[in-house]
Amino acid sequence: MYVLCSPCILNPALRADGITKPSDLEAFERTKARCDAFGIDMVPLPCPETLFLGPARQPGTFLERLDNPAFFRLLDELETRVRGILAQRGPPLCIIGVNSSPTCGVTSTYYGSRGDEPPRRAGRGVFLSRFPQVAAMDTITFSRYRVYLAAPLFSEAERSYNSFIAGLLEKNLFKVFLPQAAGDDSAGRDRNTQEQLFTMNKKAIEQADTVVAVIDGADADSGTAWEMGYAYARGKTIIALRTDFRHVGATEHVNLMLEQSAVVVTTPEKFLEALNAPPLLKGDR
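An account of the accompanying structure is given in this report. Predicted model, so just to flag it, every value in this text is computed and none were measured.

Some remarks on the packing of aromatic side chains
Right, so step 1: Overall, the coordinates contain 8 aromatic pairs when judged by the stated rule.
Right, so step 2: With a centroid separation of 5.4 Å and an interplanar angle of 15°, the aromatic rings of Y148 and F177 are classed as stacked. Taken together, the positions of Y148 in strand β7 (residues 146-150) and F177 in strand β8 (residues 175-177) put the pair 29 residues apart, joining distant regions of the chain.
Right, so step 3: For Y148, a relative accessible area of 0% translates into the label buried.
Right, so step 4: A centroid spacing of 5.2 Å and a plane angle of 10° characterise the contact between W226 and Y230, whose relative ring orientation is stacked. Within this pair, W226 and its partner Y230 are both found in helix α9 (residues 222-233), separated by 4 residues, close to a single helical turn.
Right, so step 5: Residue class for Y230 comes out buried when judged on its relative accessible area of 16%.

Here it is in structure tokens:
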């Protein structure tokens with residue numbers, strides 16, 4: 001399995017002067033960590049901007065600096081090179097791009113202004129747009145792969161279901177912290193053990209990018225509800241999975257405060273979509 005990626009993810013020095021923020025570098029490192037964790041080869045794309053403008057350059061939009069026949073000829077040459085990789089290696093998992101880039105943006109790009117148009121517009125950059133058949137993800141989205149799985153764990157049925165959900169996440173390239181697998185699996189807890197478990201689980205929430213919470217039942221499990229509340233206060237994304245068809249009100253699936261702090265989905269497939277799971281090749285999922 002491999003991904004094509006913007007070369008600046010592997011070498012940030014290729015970016016225009018002054019545009020790289022600490023959050024960008026963090027996303028690049030986590031993108032690489034995710035690929036390392038799941039054995040995904042990172043194959044860098046050529047950098048059209050560096051090849052055309054040089055490594056030392058000021059930021060600019062496509063219309064300002066790249067909209068000319070010589071640059072399009074370069075793109076033709078680079079497209080041929082990348083299609084050679086695709087022919088040799090087969091389809092990649094996806095392309096990992098960098099949003100706002102005039103060439104390698106995924107969902108946004110600094111294209112430039114015509115008339116009253118804003119310089120930034122939706123869509124792929126001019127290089128990535130040449131490969132519409134290949135799914136693309138922004139590096140920030142791809143880098144968010146650490147999941148804390150919050151769920152009741154007090155019966156064999158609950159623990160089995162939690163293991164199923166954790167396995168599904170791991171198959172879709174997410175690193176999962178599952179409390180029951182980390183020792184929170186017994187009623188025989190002295191006060192010291194309770195404190196250790198609390199500290200461990202709290203730290204794992206803090207380190208997670210996303211909390212996936214199982215909220216089945218007439219009312220959500222109290223520990224799960226606390227974990228969701230703490231995650232929300234920390235600014236984490238929360239995906240709540242509720243397969244229970246009962247409602248607690250005319251319009252509410254579950255407690256109002258939990259529902260308003262999370263994206264509530266009703267099937268495992270829908271929570272993978274909400275998590276922006278990478279588009280695994282057919283048969284790999």
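A short note on the layout of surface pockets
Right, so step 1: If you add up the space inside the largest pocket, you get close to 580 Å³.
Right, so step 2: Lining the largest pocket are 32 residues, with R15, I19, N99, S100 and S101 positioned closest to its centre.
Right, so step 3: Among the elements of the structure, α1 (7-10), α2 (22-37), α3 (48-53) and α6 (139-143) are those that each provide at least two residues to the lining of the largest pocket.
Right, so step 4: Considering each element in turn, the lining of the largest pocket owes the most residues, 3 residues, to α2.
Right, so step 5: Its residues assigned to classes, the lining of the largest pocket shows 15 nonpolar, 9 polar and 8 charged.

Concerning the pattern of salt bridges
Right, so step 1: Applying the stated criterion to the full structure yields 12 salt bridges.
Right, so step 2: As a salt-bridge pair, K21 and D24 come within 3.6 Å of each other at their nearest N and O atoms.
Right, so step 3: By relative accessible area, which is 46% here, K21 ends up partly exposed.
Right, so step 4: What makes D24 buried here is its relative accessible area of 10%.
Right, so step 5: One salt bridge in this structure joins D76 and R130, with 2.7 Å as the shortest N-O distance. Taken together, the residues D76 in helix α5 (residues 69-89) and R130 in the loop between β5 (120-122) and β6 (136-138) connect sequence positions 54 residues apart.
Right, so step 6: On the basis of relative accessibility, which here comes to 18%, the residue R130 falls in the buried class.
Right, so step 7: Each member of the salt-bridge network shares a partner with another, and the members are E26, R30, R146 and D209.

Considering the pairing of strand β9 (residues 210-214)
Right, so step 1: The buried fraction of β9 is high, at 5 of 5 residues.
Right, so step 2: Burial along β9 is two-sided: the face carrying T210, V212 and V214 and the face carrying V211 and A213 are both buried.
Right, so step 3: Relative to β9, β7 is paired through 4 bridges, and the arrangement is parallel. Note on β9: the bridge partner recorded for V147 is T210.
Right, so step 4: Two strands pair when backbone bridges link them, and β9 and strand β10 (residues 237-241) are joined in this way by 5 bridges, in the parallel orientation. Looking across to β10, one finds that A213 is bridged to A240.

What counts, and at which threshold
Throughout this document, residue positions are counted from 1 along each chain, in the order its sequence is written. Local features in a predicted model are, by the rule used here, given only for residues with pLDDT of at least 70; side-chain atom pairs are given and counted only at 80 or more, and totals for whole chains, interfaces and linings are based on all residues. The side-chain figures draw on all heavy atoms in the structure; neither hydrogens nor water molecules are used. Each pair of aromatic rings taken from Phe, Tyr and Trp, with Trp reduced to its six-membered ring, is defined by centres within 6.5 Å and is described as stacked if the planes are under 30 degrees apart, edge-to-face if over 60, and tilted in the remaining cases. Helix numbering and strand numbering both begin at the N terminus, where a helix is a DSSP run of H or I of at least 4 residues and a strand a DSSP run of E of at least 2. Only protein chains enter the accessibility calculation, which uses a 1.4 Å probe. A residue is then buried if its area is under 20% of the maximum for its type, exposed if over 50%, and partly exposed in between. Points on a 1 Å grid over protein atoms alone make up a cavity when a 1.4 Å probe fits among them but cannot get out, and a pocket when they form an open set with protein on both sides within 12 Å along at least five of seven lines; lining residues each have an atom within 4 Å of a point. Grid points are joined across faces, edges and corners, and a volume is the space filled by probe spheres set on the points. Residue polarity is assigned by list, with Asp, Glu, Lys and Arg as charged and Ala, Val, Leu, Ile, Met, Phe, Trp, Tyr, Cys and Pro as nonpolar; anything else, Gly included, falls into the polar class. Take a side-chain nitrogen of Lys or Arg and a carboxyl oxygen of Asp or Glu: if they are within 4 Å of each other, that pair is a salt bridge. Pairing between strands requires that DSSP locate at least two bridges from one strand to the other.

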